[in-house]
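Each chain, written out:
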Protein chains: 2
Amino acid sequence: MGESGVDKGDRKRLTRQESRALTRARLVEAAGLVFAERGFYGASVEEIAERAGFSRGAFYSNFDSKEDLFLAVLDAHIESEMALTTEALGEDPSQEAVLEFLHSQSVRRRRQGRGWTLLWAEFWLHVLRQPELAPKLAARQRKARSAIARIIEGRCRQLGIVPTMPPEDLASLILAVDDGLVLQEHLDPGVVPDDLRASASVLLFIGMAFSPAAQPPTDPST
Amino acid sequence: MGESGVDKGDRKRLTRQESRALTRARLVEAAGLVFAERGFYGASVEEIAERAGFSRGAFYSNFDSKEDLFLAVLDAHIESEMALTTEALGEDPSQEAVLEFLHSQSVRRRRQGRGWTLLWAEFWLHVLRQPELAPKLAARQRKARSAIARIIEGRCRQLGIVPTMPPEDLASLILAVDDGLVLQEHLDPGVVPDDLRASASVLLFIGMAFSPAAQPPTDPST
DNA sequence: GTCTATATAAAGATAGAC
DNA sequence: GTCTATCTTTATATAGAC
């Protein structure tokens, strides 16, 4: 996807575009940290610029405003997650690929830890307060859900189980458990066993398989 | 639980204590709204005071600082929830009492809607950023979990099921689903069916009941 | 393109009148 | 106890030098 033909042989020299992109990237990265630590309003442009190694002046020559920067951070994170998903899963992912991917996700989540969680919470709050941004996060959510739904369908076929509810709904539950447990863990570390997250998916799946077959809105006249 | 014997016949006259308490209460209530809408830093003391019908001066004669006010809001909400719980459940609640209580909770949640959710999210973020406050929210979480755990134990006895995992863990999952679904719903209204929350608890319970008995860390030498 | 210096505005907090 | 007026700090954003 490289735009211009050649971009290797040029030693330290960067084109203006590249330099600008690099500065922006550094600012976005620093902003991610500061927004996570202090929240949108708590974070000052000064601290962000400083931590990225720049001055406020440099900041304002790259971004229109703090809001503009926040959007850049949000987009960068969503794009990065989406890209990771697409790359790892491709068009028609195998069960193994998806499971492997989910595992790597949870490892990554562990590594990035508190900051990552705080930042996404901040995203969520900000988006809820500025509803025109909702589609950005909603898209990510839908993508995650349908990826998981596909696993569920696959497993059902494998095991010859007839789903008693839409796989998307079961996927919603699995995602919900994931997010909900994160909240609990950070608030009160130690109360949530390490393997609970994994057990939950199994429990839900078994629950669905064994639950008294789907109760479609039956016609009461029967 | 009335403190002093008589407090009816005094027309509009309030003692200084009562008047002060009333002012504080109004400010706390207004603060809840503004904190929910704008977050801790986004909320200005001026707007809070104004919405409560007072001036900044009045505010500062009742609270030391914005942080102080936030703590008061936090305490008020926690206390109110705890009180509701204790009142509805008492010492040794029946299954019916607990289920009834959970239902009323979810109704209340619906009614209070977005603002309520935003405010608790704000509490959560603020507490994570000021860890010394964690015990306050953690206590509420533990209380909710053990209340649900008690239901689970009861149902297990009723149905003659031997739990394959600690009831507290299953309770954690149920709470997690609840919180996680709230996040999804507000971000992308309509994707989560109304009855999914209820189904989830059933699914988890059935899952536990039918799951291949607890797998204690077995000795691999077997 | 990035820096320093500065303009401008907003918000937290206080003082003193009533 | 509450108000108005004011102090002080902090932060966003801009201007102009390099």
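The notes below deal with the structure included here.

Calculation criteria
- Residues numbered from 1 in each chain as written.
- Chains lettered and ligands numbered in written order.
- Predicted model: local features only at pLDDT ≥ 70, side-chain atom pairs only at ≥ 80, totals over all residues.
- Heavy atoms only, no water.
- Helix = DSSP H or I, 4+ residues; strand = E, 2+ residues; numbered from the N terminus.
- Rg over C-alpha atoms; globule rule 2.2 N^0.38 Å.
- Expected span 1.5 Å × (residues − 1).
- Buried < 20%, exposed > 50% of the residue type's maximum accessible area, 1.4 Å probe, protein only.
- Contact = heavy atoms within 4.5 Å.
- Least-squares fit on C-alpha atoms with pLDDT ≥ 70 in both.
- Near = heavy atom within 4 Å.
- Polar contact = N/O pair within 3.5 Å; in protein donor to acceptor, adjacent residues only side chain to side chain.
- Core = buried A, V, L, I, M, F, W, Y, C linked by side-chain atoms within 4.5 Å.
- Buried area = accessible area lost by both parts, 1.4 Å probe.
- Salt bridge = Lys/Arg side-chain N within 4 Å of Asp/Glu carboxyl O.
- Nonpolar A, V, L, I, M, F, W, Y, C, P; charged D, E, K, R; others polar.

Counting its secondary structure elements, chain A contains eight helices and zero strands. The helix and strand sequence of chain A, counted from the amino end, reads α-α-α-α-α-α-α-α. Relative to its length of 222 residues, chain A is extended, with a C-alpha radius of gyration of 22 Å against a globular reference of 17 Å. When the backbone C-alpha atoms are referred to their principal axes, chain A occupies close to 70 × 45 × 40 Å.

Residues and elements named next belong to chain B. Look at helix α4 (residues 66-89): 34 Å from first C-alpha to last across 24 residues, which is about the 34 Å you get at 1.5 Å a residue. Those residues of α4 that fall on the buried side of the exposure criterion are Lys66, Leu69, Phe70, Ala72, Val73, Leu74, Ile78, Glu81, Met82, Thr85 and Leu89. Here the buried face of α4 lies against α1 (16-42), α2 (45-52), α3 (56-62), α5 (95-129) and α6 (134-159). Looking one or two places after α4, you find glycine 90, whose phi comes out positive at around 60°.

Our focus in this paragraph is the relation of the copies chain B and chain A. With an axial shift of 0.0 Å and an RMSD of 0.1 Å, the rotation relating chain B to chain A amounts to 180°. These values place the two chain copies in the arrangement generated by a two-fold rotation axis. Rotation axis and chain B: the residue whose C-alpha lies nearest the axis is B:Gly207, separated from it by 1.9 Å. Comparing contact sets, 100% of the residues at the interface of chain B also lie at the interface in chain A, consistent with an isologous, same-surface contact.

Neighbouring DNA strand C are 16 residues; A:Thr23, A:Ser55, B:Val45, B:Tyr60 and B:Lys66 lie closest to it. At 2.7 Å from a phosphate oxygen of DNA strand C is found a side-chain nitrogen or oxygen belonging to A:Thr23. Between DNA strand C and B:Arg56, the relevant distance is 3.4 Å, taken from a base nitrogen to a side-chain nitrogen or oxygen of the residue. Counting only elements with at least two residues in the surface near DNA strand C, the list comes to α1 (16-42) and α3 (56-62) of chain A together with α3 of chain B. A per-element tally of the surface near DNA strand C places α3(A) first, with four residues.

To continue, consider the nonpolar core. Grouped together as the largest cluster of nonpolar side chains are 72 residues, with contacts concentrated most on A:Phe35, A:Leu69, B:Phe35 and B:Leu69. Leave out the neighbours within four places in its chain, and A:Leu69 touches A:Leu27, A:Val28, A:Ala31, A:Phe35, A:Ile48, A:Phe59 and A:Phe63. A:Met165, B:Ala149, B:Ile152 and B:Leu203 belong to the second largest nonpolar core, which has 40 residues in total.

This next bit is on helix α4 (residues 66-89) of chain A. Those residues of α4(A) that sit buried are A:Lys66, A:Leu69, A:Phe70, A:Ala72, A:Val73, A:Leu74, A:Ile78, A:Glu81, A:Thr85 and A:Leu89. Residues of α4(A) that are buried sit in contact with α1, α2 (45-51), α3, α5 (95-129) and α6 (134-159) of chain A.

Glancing now at the interface of chain B and chain A. Contacts between the two partners involve 51 residues from chain B and, on the opposite side, 51 residues from chain A. Roughly 4,500 Å² of surface becomes buried between chain B and chain A when both sides are summed, with 69% attributable to carbon and sulfur atoms. Of all residues in chain B, B:Trp124, B:Leu187 and B:Leu203 give up the largest surface area on contact with chain A, accounting jointly for 16% of the area buried on that side. At the boundary of chain B with chain A, the tally comes to four salt bridges. In this structure, B:Arg142 and A:Asp188 form a salt bridge, with 3.0 Å as the shortest nitrogen-oxygen distance. Here the element with the most residues in the side of chain B that touches chain A is helix α7 (residues 167-187) of chain B; it accounts for 14 residues. Of the residues belonging to the side of chain B that touches chain A, the class tally is 31 nonpolar, ten polar and ten charged.

Attention now moves to the pattern of salt bridges. Evaluation of the coordinates by the stated rule reveals 28 salt bridges over all chains. B:Arg197 is paired through a salt bridge with B:Asp178; the nearest N and O atoms lie 3.3 Å apart. Taken as a pair, B:Arg197 in helix α8 (residues 196-210) and B:Asp178 in helix α7 lie far apart in primary sequence, 19 residues in all. Members of the salt-bridge network, linked through shared partners, are A:Arg109, A:Asp178, A:Asp179, A:Glu185 and A:Arg197.

A few words now on the protein's contact with DNA strand D. Taken together, 16 residues lie near DNA strand D, and A:Arg56, A:Tyr60, B:Thr23, B:Ser55 and B:Ala58 sit nearest. In DNA strand D, the atoms that sit within 4 Å of the protein are 65% sugar and phosphate, with bases accounting for the remainder. One of the backbone nitrogen or oxygen atoms of A:Ala43 is found 3.5 Å away from a phosphate oxygen of DNA strand D. One of the side-chain nitrogen or oxygen atoms of B:Ser55 is found 2.7 Å away from a phosphate oxygen of DNA strand D. Contributing elements (two or more residues each) for the surface near DNA strand D: α3 of chain A together with α1 and α3 of chain B. Its residues assigned to classes, the surface near DNA strand D comprises five nonpolar, eight polar and three charged.

Turning next to the environment of B:Thr23. Residue and element names in this part refer to chain B. For threonine 23, the position within the fold is in helix α1. For threonine 23, a relative accessible area of 13% translates into the label buried. Between the C-alpha atoms of threonine 23 and arginine 13, which are ten residues apart in sequence, the distance is 14 Å. Ignoring any residue separated from it by four or fewer positions in sequence, one finds threonine 23 in contact with Phe54 and Asn62.

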